[in-house]
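A closer look at the structure
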Amino acid sequence: MCGIVGYVGPKPACDVLLGGLTRLEYRGYDSAGVAVLSDGDMTLVRRVGKLANLKAAITEAPIAGRVGIGHTRWATHGAPTEANAHPHRDCSGRIALVHNGIIENFAEIKAELAAAGHVLRSETDTEVVAHLVEALYDGDILEAVRKAVQRLVGSYALAVVHLDHPDLVVAARKDSPLIIGLGEGENIVASDIPAVLEHTREVLVLHDGQVAAVTADSVRVYDASGQQVEPDLMHVEWDLDAAEKGGFEDFMLKEIHEQPKAIRETLRGRMDESGRIQMSELDMSDDDLLCLDRVFIVACGTSYHAGLVAKQLIEQWARIPVEVDVSSEFRYRDPIVDRNTLVVAITQSGETADTLAGVREARERGARVFAVTNVVGSRVTRESDGVIYTHAGPEIGVAATKTFTAQIAALSTLALKLAQARSTLPPERIAALWSELVTVPDIVEAILADAQEIEACAREYTDAASSLFLGRGMGVPVAMEGALKLKEISYIHAEAYPAGEMKHGPIALITPQMPVVVVATQGHTYEKVVSNIQEVRARGARVIAVATHGDEGIRSHAEHVLWIPQVSEALSAIPAVVPLQLLAYHIAKMRGCNVDQPRNLAKSVTVE
Ligand code: G6P
């Protein structure tokens, strides 16, 4: 995720900015830049790649100045190039700003600004904000920023400087974090606490809709209407390591908790006011989508499980047959793919060798290939006909969590798009499904807020040698992902099976020592799943059920119940997987495993 640092004070601004950005490096980024004010001038330096490139440029041509802003960019709109790197400036070159988040209505504002004569030089959504502030500026930069943000739809954390106000950084936020470290005669704006810890432990937390005027010895906070408000202050106890993990013990746990945000950001802006699903990246007309006679999904690991969820949604909603292949099989099996096939390659890293080979194979056969990835500018984006991005932010834990649920969010949107284009669902049904889909982040928040039972349950299974995960329908990929998480990070053998198939083999393995995790959420096969639970219990198994709130009856069938809120069956995969991520996490922690870096595994597998 992008990092923001802004500085006002007596120290050389560049040192503080680069130091702060270094503290945010763990979040991942692909370009970096600073803008520093001194003696009526603004110096802007931006570089693609690691901070070392930016540092080298600044060492070569040092920048004086005690006020400035800096940024590490994780590309979302536009490739990681110097022109797209932050800070961005207005036409006059007197305003510079850095931004985290996504401006959904940037295209509309950009068109307006261009019509008014503004010249925009980048592909980013951010640059429009600099020009918008310019257009609204009449001598009061705080007021111009406050007015500008009223026009923005989406999420933002902003730090802005103006040459007319050489002692001031203006900060604003909505749905993207921003804090201000309060020092002695200096203040530091930052997107995250690690960036300020070297200087201070006193922090002002900016809230949604607030705008702040930050000078060396004062911070004034205003609400959206321009009224000055009392700031929210806190003292930070965390050390740097804890701060990087947002106070969580591990990146994996942090990332599990970031899922509501990742899903929200991925869904953001996908439905327009007229009820049409927006997916212009597909670059296919409704007629093109109507001509499709088959969808092929190609992916590895956790992404493959997201593909299995997508298969069910696309088949149910858009009535197109879907095949899902692991990439390493697809590439060698001479698949039947032609120009009427849509191939969807799912890969969080965008670099998985087998998936890339599958993409090439499919394109050679004339199929249109569409990638779902979390990394802008990754190889899959260059090799595909279209890309839909998940906006999960960088994932550091090797075991995928937030990228998985963000993939399901993106693929659910794709399934609705196909249904809309092919008129396989009535508009009211699409509207209803969408309205429910956007509540999924709230559902995940509720699960995360009430997860004590999961930890208690984990404690009882830390010594298991082997486990079985069962489900039906949407519960099958959920069970597969739950089993994968457990084996990856706890090294307990875990096998997932469609519950109805269990009697043809795995039932032979069942003993009282073998925990059986069953996805038993509400759905049209619920009764069948309960019968399967009875089958395993009759053989002495201890059952952990994932079930829906209100299903009191399940208590008599399971030793432990991990609850999720009510949600329709089609949208149940995300809520149902979250307790299983946490179960795997707690079991692994109790076994003393390194959950962020499990043995033998890599985050991105670039070899065959
Ligand atoms: C590795 C990672 C998994 C990931 C898989 C596919 O095995 O450890 O978390 O699911 O690769 O990666 P991709 O980047 O293609 O989604």
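Scroll up a little and you will see the structure.
A few points on the structure.

Conventions we followed
- For every chain, the first residue of its written sequence is number 1, and the numbers climb from 1 along that sequence.
- Given that this is a predicted model, residues contribute local features only at a pLDDT of at least 70 and side-chain atom pairs are listed and counted only at 80 or more, while totals for whole chains, interfaces and linings are drawn from all residues.
- Each side-chain value is derived from all of the structure's non-hydrogen atoms; neither hydrogens nor water enter the calculation.
- Relative accessibility decides the category of a residue: with a 1.4 Å probe and only protein chains considered, values under 20% of the type maximum give buried, values over 50% give exposed, and everything between is partly exposed.
- Strands here mean DSSP runs of E at least two residues long; helices mean DSSP runs of H or I at least four residues long; both are numbered from the N terminus.
- If DSSP finds at least two bridges between two strands, the strands pair.
- For each structure, a 1 Å grid was placed over the protein atoms alone; sets of points admitting a 1.4 Å probe that cannot get out are labelled cavities, open sets with protein on both sides within 12 Å along at least five of seven lines are labelled pockets, and lining residues have an atom within 4 Å of a point.
- Grid points are joined across faces, edges and corners, and a volume is the space filled by probe spheres set on the points.
- Under the scheme applied, nonpolar residues are Ala, Val, Leu, Ile, Met, Phe, Trp, Tyr, Cys and Pro; charged residues are Asp, Glu, Lys and Arg; polar residues are all the others, including Gly.
- A crossover gets the label right-handed when its path from the first strand over the helix to the second runs clockwise, viewed with the strands pointing away from the viewer.
- Lines fitted to C-alpha atoms define the axes, with helix axes restricted to the stretch in contact, and inter-axis angles between N-to-C directions lie between 0 and 180 degrees.
- Roughly parallel means an angle under 35 degrees; roughly antiparallel, over 145; roughly perpendicular, 65 to 115; everything else is oblique.
- By the convention used here, residues are in contact when the closest approach between their heavy atoms is within 4.5 Å.
- Neighbouring residues are identified by heavy atoms, a residue being near a molecule or strand if any of them is within 4 Å of it.
- A 1.4 Å probe and the Shrake-Rupley method give the accessible areas. Residues count as covered only by the protein chains that appear here.
- Expected span of a helix, by definition, is 1.5 Å for each gap between consecutive residues, and there is one gap fewer than residues.
- Any carboxyl oxygen of Asp or Glu within 4 Å of a side-chain nitrogen of Lys or Arg constitutes a salt bridge here.
- A pair of Phe, Tyr and Trp rings is counted when the ring centres sit within 6.5 Å of each other, with Trp represented by its six-membered ring. The angle between the planes then sorts it: under 30 degrees is stacked, over 60 is edge-to-face, the rest tilted.
- Each ring is checked for a lysine NZ or an arginine CZ that lies within 6 Å of its centre and within 35 degrees of its normal; such an atom marks a charge sitting over the ring.
- In this description, a disulfide is simply a cysteine sulfur pair whose atoms lie within 2.5 Å.
- By convention a nonpolar core is built from buried Ala, Val, Leu, Ile, Met, Phe, Trp, Tyr and Cys residues, the set being connected through side-chain atoms within 4.5 Å.

Details of the pairing of strand E6 (residues 95–100)
Along E6, six of the six residues are buried, which leaves the element largely enclosed by surrounding structure. On E6, burial covers both faces: Ile 95, Leu 97 and His 99 on one face and Ala 96, Val 98 and Asn 100 on the other are all buried. As paired strands, strand E5 (residues 88–89) and E6 are joined by two bridges and run antiparallel to one another. Its bridge partner being in E6, Arg 89 is matched across the sheet by Ala 96. Taking the residues that link successive antiparallel strands as the turn, the E5-E6 hairpin has five residues, and the phi of Gly 93 there is positive, at about 75°. In this sheet, strand E7 (residues 156–162) lies alongside E6 in antiparallel orientation, the contact comprising six bridges. When the sheet's bridge partners are listed, Leu 97 is paired in E7 with Val 160.

Looking at empty space enclosed by the protein
If you walk through the whole model with that rule in mind, you get five cavities of 30 Å³ or more. The calculated volume of the second largest cavity comes to roughly 100 Å³. In terms of lining residues, the second largest cavity is bounded by 13 residues, among which Arg 472, Gly 475, Thr 521, Thr 525 and Glu 569 are the most central. When its residues are assigned to classes, the lining of the second largest cavity shows four nonpolar, seven polar and two charged.

Structural notes on the pairing of strand E22 (residues 493–498)
Sheet topology places strand E21 (residues 466–471) next to E22; six bridges connect them, and they run parallel. Counterpart to Gly 471 in the pairing with E22 is Pro 498. For the handedness criterion, the β-α-β arrangement of E21, helix H18 (residues 475–490) and E22 is classed as right-handed.

Overview of the sheet that holds strand E17 (residues 322–326)
The strand order across the open sheet formed by five strands is E17-E16-E18-E19-E20, and the pairing between neighbours is parallel. Whereas interior strands pair on both sides, the edge strands pair on one side only; in this sheet they are E17 and strand E20 (386–389). The average angle at which neighbouring strand axes cross in this sheet is 20°, direction not considered. Across five bridges, the pairing between strand E16 (residues 294–299) and E17 is parallel.

Let's talk about the packing of helix H8 (residues 259–267) against helix H16 (residues 440–449)
Helix packing geometry: the angle between the two helix axes and the distance between the axes. Where H8 meets H16, the closest approach of the two axes is 8 Å, and the angle between their N-to-C directions is 175°. When the axes of H8 and H16 are compared, the pair comes out roughly antiparallel. Here Gln 259, Pro 260, Ile 263 and Arg 264 of H8 come into contact with H16, specifically with Pro 441, Asp 442, Val 444, Glu 445 and Leu 448. Its residues assigned to classes, the contact of H8 with H16 shows five nonpolar, one polar and three charged.

Quick notes on the site of the ligand
Taken together, 13 residues lie around the ligand, and Ser 303, Thr 347, Gln 348, Ser 349 and Thr 352 are the ones closest in. Contact with the protein chains covers 92% of the free accessible surface of the ligand, which is 390 Å². Here the residues of the shell around the ligand are counted per class, giving five nonpolar, seven polar and one charged.

Quick notes on H18
Under the 1.5 Å per step criterion, the end-to-end length of H18 is 22 Å for 16 residues, consistent within 8% with the ideal 22 Å. With respect to burial, H18 is a largely interior element, 14 of its 16 residues being buried. Taken from the residues just after H18, Tyr 491 is the one with a positive phi, measuring 65°.

Remarks on the pattern of salt bridges
Taken as a whole and judged by the stated rule, the model has 35 salt bridges. Here Asp 442 ties to Arg 264 by a salt bridge, and the two come within 2.8 Å at their closest N and O atoms. You can see Asp 442 sitting in helix H16 and its partner Arg 264 sitting in helix H8, a full 178 residues away along the chain. Judged by its relative accessible area of 39%, Asp 442 falls in the partly exposed class. Judged by relative accessible area, Arg 264 falls into the partly exposed class, the value being 31%. The partner of Arg 294 in a salt bridge is Glu 323, with the nearest N and O atoms 2.7 Å apart. Of the two residues, Arg 294 sits in strand E16 while Glu 323 sits in strand E17, which places them 29 residues apart along the sequence. Taking relative accessible area as the criterion, Arg 294 reaches 23% and is therefore assigned partly exposed. One network of salt bridges, with partners in common, ties together Glu 104, Lys 174, Asp 175, Glu 265 and Arg 268.

Let's talk about the packing of aromatic side chains
Enumeration over the complete set of coordinates arrives at one aromatic pair. Between the aromatic rings of Phe 296 and Phe 330, the centroid separation amounts to 5.2 Å while the plane-to-plane angle is 65°, which identifies the pairing as edge-to-face. Residue Phe 296 is located in strand E16, and its partner Phe 330 is located in helix H11 (residues 327–330); the two are separated by 34 residues in the primary sequence. Here Lys 50 stacks its cationic end above the ring of Tyr 29, 4.3 Å away from the centre of that ring. When the ring centre of Tyr 491 is taken as origin, the NZ or CZ atom of Arg 599, which lies over that ring, is 3.8 Å away.

A short note on the state of the cysteines
In this structure the tally under the stated criterion is zero disulfides. No disulfide involves Cys 593; its sulfur sits 17 Å from the nearest other cysteine sulfur, which is in Cys 457.

Topic: unusual backbone geometry
Cis rather than trans, the peptide bond between His 86 and Pro 87 has omega equal to 0°. Mapped onto the elements, Pro 87 comes out in the loop between strand E4 (67–73) and E5. Of note in this structure, Asp 175 is not a glycine but carries a positive phi near 60°. Mapping Asp 175 onto the fold places it in the loop between strand E8 (169–174) and strand E9 (179–182). Phi at Tyr 491 is positive, roughly 65°, even though this residue is not glycine. Examined against the element boundaries, Tyr 491 turns out to sit in the loop between H18 and E22.

Looking at the nonpolar core
In terms of nonpolar packing, the biggest core is built from 92 residues, with Ile 297, Ile 314, Trp 317, Val 344, Leu 416 and Leu 583 touching the most fellow members. If one sorts the elements of this core by residue count, helix H20 (residues 573–590) sits on top with twelve residues. In terms of nonpolar packing, the next biggest core, distinct from the first, is built from 30 residues, Ala 13, Ala 190, Ala 195 and Val 236 among them.

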